[in-house]
Amino acid sequence: MNDNKSFICRKTKSESLGNCEHNADCRCILKATLSQLTSIQLQQSSSTDTESRPLSLLQRLSLQLVKSNEHQTIPFDVIVRQQFKDLLNESIPEQHQRYFGKYFTDDISTKTFTINEFGRLFQLTSLLSKRILIVFNLNASYEKNSISGEDIIRLARLLWISPMSIKAFILFKLFDSNDKDIISINDIRSFYEQYLSEVKYFKVERRLQEIVEIFLQGFFPLNNENQQKQELSFEQFHHILQENPSVFQTLYLISIPDQDNEDDEQTIWFKRWWMYIKNNTNRIAFLILYILISIALIIYVIIYQVIILEKHSVSQVIARIGGMLVNFNYALAVSLMLKRTMTIIRRLYYLRIFIPVDDHIDAHRFVGTMLFISAMIHSLGHSITFAINLNGHSWFSLMFTTAAEIGWVGHSATITGVILFVLLIIMVICSFQCIRQRSGCYQLFRYTHYLFWPIFILLVLHAPNFWKWAIGPMVLFCFEKIYLFKRYLPKYGRTKLISIRIEDEHVLSLMIEKPSNFNFHVGEYINICLPNIVRNEWHPFTICSSPERKDVLRLTIMKKQNWTRKIYEHFSKEQNSDNNSQMAEIIVDNLSNNSETNSGNLLVYPREITFTDKQKDAIACIEGPFSTCTSYIFDCEHVVLVGAGIGITPYISALESLIYQLREQRCKCSRCGTMNYKQSILKNQKLKKIDFIWINRDIGNVSWFRNILDEFEAEQESYLAATTPQETTNSQEQRSRYLDIHLYCTSIRSHEQAMLGNLPYNLVANMYEVIQHEDMHTQLRTPTHVGRPPWKLLFAKFKAEHRSTNVFFTGNRIMADEIKKHCDEHTFRFQHEPYF
């Protein structure tokens, strides 16, 4: 049998997935089979042996056609069905046995598995596991709850090498549970109602039913008499798939998950280091400068103490080195938190090129750690010195009294030193991430950080030369604080809430009246206080409205701990008790597989509460603005904005600002009234393209900013549609897309991780998009991708299309490290928002 099957694709996995379209036309396969069978017939007729080996149904039908010389066509479904059986029953080549032994990390041919274990191997739901076994004639295995490893390998191999016609047949049989060779509209409806309820993609039952009915319209359209077809044969089913290329491509998911253990190309170590150095030149330069200054101070102390003062005590020299480093690191730590100074540096292009201002918060943490280490060295040196030279005193009295008679003011160096060390330990411990982000501990971090004021005073009393180091940074710090007192002035900081909008059960948006003299740039943030709700607490939040909006500031915040939870719960109670609240129904599709978060069928929220001037809860004070790296998005040629969850807020301001810029360039022809855009102005803008990547676990999060995304899609379509045929090639280039939106939902595994398991979902999503011309979850034109972004492919595409790319990221450190690694590989500049 194997000798007569040269027409079956025997390619590698990647070739099978990428180049199998030629196998879709089974009539070409039939021609090859007929020619081979003609040769077989001639050989058999000339042979004296009366016995012939049994032929398959496809071969017998083909031989009859050759013998009768009648031009009859074998039914398409018969051809595909027989090919499916032949592929399933043929012996497995040794090379495939080796491949699947590696794929399953073991030789499973002699093992048995339960149906649940089988489902986990292929990442299938219980419904799909059952239907797949029925398709492959393994009903007995399902009933016994036991399947052999040999059957699993045979099944996996067919999924792996099958051409597109066989894949379409497998999909058809998934719906044909009764093996009738015909699927009805009720068969598909029943399958999807079970499947979608099992995976819980949708919270709202009626939304699920609506999507299923739209999907069915693609396969069972209305005829001329407005009646819907009720049944489909395989050939009709296959024809509908071919008519819709995006739906037909779904068949590629009928395969096995990609688990090839092929190592990525490893860049040699010095090349990786060179790429890192090239992308982080200013950071490395300032780190080297910091190290050199520290070494210079150490050398200076050694020379001064040993040569000039002729003090040869090692412990005393070590103590002096620690003291000098304390002076330096304290002054530097204060300088790094001069927020207004950092904002000015960011707004000056040539300064921010050389100064790594984006890292000032991380640098502050690093310098603070070095300050603590220097203080420990200083204290340890003095402790050893006192232990060696008691001079008639006890070590305890030298350490905790004025008996040592050292210090600038009243010989109090030892007493102030002990107090300083205790205060510094308290500040450091309360600054740990695990402490600062615990429930109710943010204010502990905030108040203990104010200890730098008593530390400053005690250091002035403790060390005679400290004031020379700290006077400059502390004066600047005081000026900044005096400047920020304008937050209590109505024109600068004292304002009121216009409205509160609850987006969902975790997020709310504050609409704040913009003070008349308050000006900000894209990506900047403010500190906000609501004194009548939570007194004397200021918290930083990014402004997610554009500077072009003259009257409103918008903040979108997520309910986490501390202040955000208090604010959310306060206004939730207000909305529940306010009869004048504008009630609206929000239907949110959820892709989470967690049943606890999908228990409700309908989420109803009081969308908005508006405030009057007399309401005390409406009083708000804002402080700022303060800049972040996002503030210079418009100084780049191509930017990639990457945000995870609520971290996308800095980039919403940029997108809204871009909408305003496009609208400002609109112009109307005085003769024909056609709307167009001023190409001369747009051509001179430095920013040419934005790729906006938003990663969410729950696709319902898109509702937070859906209006802005929808608005931009409409504006961009209007801009692209304004292109006229008479425009030159260069003008056409200027009319390229300004924004590409990439939405990712991580609650579903990516297609590469669970190919067959994602088949029903992907089929519905693609057919819905074909019929409705929008994504079935967000109703945007932009499709929603499942799984994590394929960073390697995306960044390679950006590298090929753009001369220079800047990547901006807001999210957790793990994802930041992964993205930064890819940026280093492609020499992209990487900026991330600070971790407060």
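The rules behind the values
Residues numbered from 1 in each chain as written. Predicted model: local features only at pLDDT ≥ 70, side-chain atom pairs only at ≥ 80, totals over all residues. Heavy atoms only, no water. UniProt positions renumbered as here; feature names shortened; annotations may be inferred. Core = buried A, V, L, I, M, F, W, Y, C linked by side-chain atoms within 4.5 Å. Buried < 20%, exposed > 50% of the residue type's maximum accessible area, 1.4 Å probe, protein only. Helix = DSSP H or I, 4+ residues; strand = E, 2+ residues; numbered from the N terminus. Contact = heavy atoms within 4.5 Å. Axes fitted to C-alpha atoms, helices over the stretch in contact; angles between N-to-C directions. Parallel < 35°, antiparallel > 145°, perpendicular 65-115°, else oblique. Nonpolar A, V, L, I, M, F, W, Y, C, P; charged D, E, K, R; others polar. Salt bridge = Lys/Arg side-chain N within 4 Å of Asp/Glu carboxyl O. Pairing = 2+ DSSP bridges. Expected span 1.5 Å × (residues − 1). Left-handed = near helix turned anticlockwise from the far one by under 90°. Phe/Tyr/Trp six-rings, centres within 6.5 Å; stacked < 30°, edge-to-face > 60°. Lys NZ or Arg CZ within 6 Å of the ring centre and 35° of its normal.

If you look the protein up in an unreviewed UniProt entry, it shows as FAD-binding FR-type domain-containing protein from Adineta steineri. According to the UniProt record, the Subcellular location (unreviewed entry) comment for the protein is "Membrane". In its Catalytic activity (unreviewed entry) section, the UniProt record describing the protein reads: "NADPH + 2 O2 = 2 superoxide + NADP(+) + H(+)".

Draft legend 1. Region of the structure containing the nonpolar core. Ranked by size, the top nonpolar core spans 80 residues in total, and within it Phe122, Phe136, Leu171, Tyr192 and Leu241 carry the most contacts. Top contributing element to this core by residue count: helix H10 (residues 164–175), with nine residues. If sequence neighbours within four positions are ignored, Phe122 has contacts with Phe104, Ile152, Leu155, Ala156, Leu159, Ile256 and Gly757. Counting 39 residues, the second largest nonpolar core, distinct from the first, contains Cys636, Ile690, Val702 and Cys745.

Draft legend 2. Region of interest: the UniProt feature "transmembrane region" (unreviewed entry) in the protein. As recorded in UniProt, the feature "transmembrane region" (unreviewed entry) lies at residues 284–305, 317–338, 366–388, 408–432 and 444–461. Along residues 408–432 one finds 68% helix and 0% strand; the C-alpha atoms at either end are 33 Å apart. Between the end C-alpha atoms of residues 444–461 there is a gap of 27 Å, over a span that is 89% helix and 0% strand.

Draft legend 3. Broad picture of the packing of helix H6 (residues 115–122) against helix H7 (residues 126–135). Between H6 and H7, the least distance of the axes is 9 Å, while the angle of their chain directions is 95°. When the axis of H6 is compared with that of H7, the two are roughly perpendicular. Residues Ile115, Phe118 and Gly119 of H6 form the contact with H7, whose participating residues are Ser129, Ile132 and Leu133. For the contact of H6 with H7, a count of residues per class yields four nonpolar, two polar and no charged.

Draft legend 4. Representation of the pattern of salt bridges. Evaluation of the coordinates by the stated rule reveals 32 salt bridges. Notably, a salt bridge pairs Lys566 with Glu537, separated by 3.9 Å at the nearest N-O pair. Of this pair, Lys566 sits in helix H27 (residues 562–577) while Glu537 sits in the loop between strand E7 (525–529) and strand E8 (539–542), placing them 29 residues apart in sequence. Each of Lys689, Asp691, Glu717, Arg737 and Asp740 takes part in one network of salt bridges that share partners.

Draft legend 5. Seen up close, the sheet that holds strand E16 (residues 689–696). The strand order across the open sheet formed by six strands is E18-E17-E16-E13-E19-E20, and the pairing between neighbours is parallel. The open sheet has two edge strands, strand E18 (784–786) and strand E20 (829–832), and neither has a second partner. Across the sheet, the mean angle from the axis of one strand to that of its neighbour is 20°, orientation sign disregarded. Sheet topology places E16 next to strand E17 (residues 739–745); seven bridges connect them, and they run parallel. Looking at E17, one finds that Phe692 is bridged to Ile741. Its contacts with the sheet put helix H34 (residues 813–825) on strand E13 (638–644), E16, strand E19 (806–810) and E20, and the angle it makes with E19 is roughly 175°.

Draft legend 6. Here's a closer look at helix H30 (residues 706–721). Relative to the 22 Å expected for 16 residues at 1.5 Å per residue, H30 spans 22 Å between its end C-alpha atoms, a close match to the ideal helical length. The set of residues buried in H30 consists of Ile708, Leu709, Phe712, Glu713, Glu715, Gln716 and Tyr719.

Draft legend 7. Expanded view of the side chain of Thr414. Looking at the secondary structure, you find Thr414 in helix H22 (residues 413–429). Accessibility expressed as a relative area gives 9% for Thr414, which makes it buried. For Thr414, the contacting residues outside a window of four places in its chain are Phe386, Leu398, Met399, Thr401, Thr402, Ala404 and Ile406.

Draft legend 8. Fine view of the packing of helix H4 (residues 76–89) against helix H9 (residues 149–161). Across the interface, H4 lies against H9 with an axial gap of 9 Å and an inter-helix angle of 130°. Classified by the angle their axes make, H4 and H9 are oblique. Crossing handedness for the pair H4 and H9: right-handed. Residue-level inspection shows Phe84, Leu87, Leu88 and Asn89 of H4 in contact with H9, the latter providing Arg154, Arg157, Leu158 and Ile161. Across the contact of H4 with H9, the residue classes tally to five nonpolar, one polar and two charged.

Draft legend 9. Focus on the packing of aromatic side chains. Following the criterion strictly, the structure yields 47 aromatic pairs and no others. Measuring from centroid to centroid gives 5.6 Å for Phe76 and Phe234, while their planes differ by 0°, and the two rings are stacked. Residue Phe76 is located in helix H4, and its partner Phe234 is located in helix H13 (residues 234–243); the two are separated by 158 residues in the primary sequence. By relative accessible area, which is 3% here, Phe234 ends up buried. Their ring planes at 0° and their centres at 4.4 Å tell us that Tyr99 and Trp160 sit as a pair that is stacked. In this pair, Tyr99 sits in helix H5 (residues 94–103) while Trp160 sits in helix H9, placing the two residues 61 residues apart along the sequence. Above the face of the Phe626 ring, Lys339 is positioned so that its terminal group lies 5.2 Å from the ring centre.

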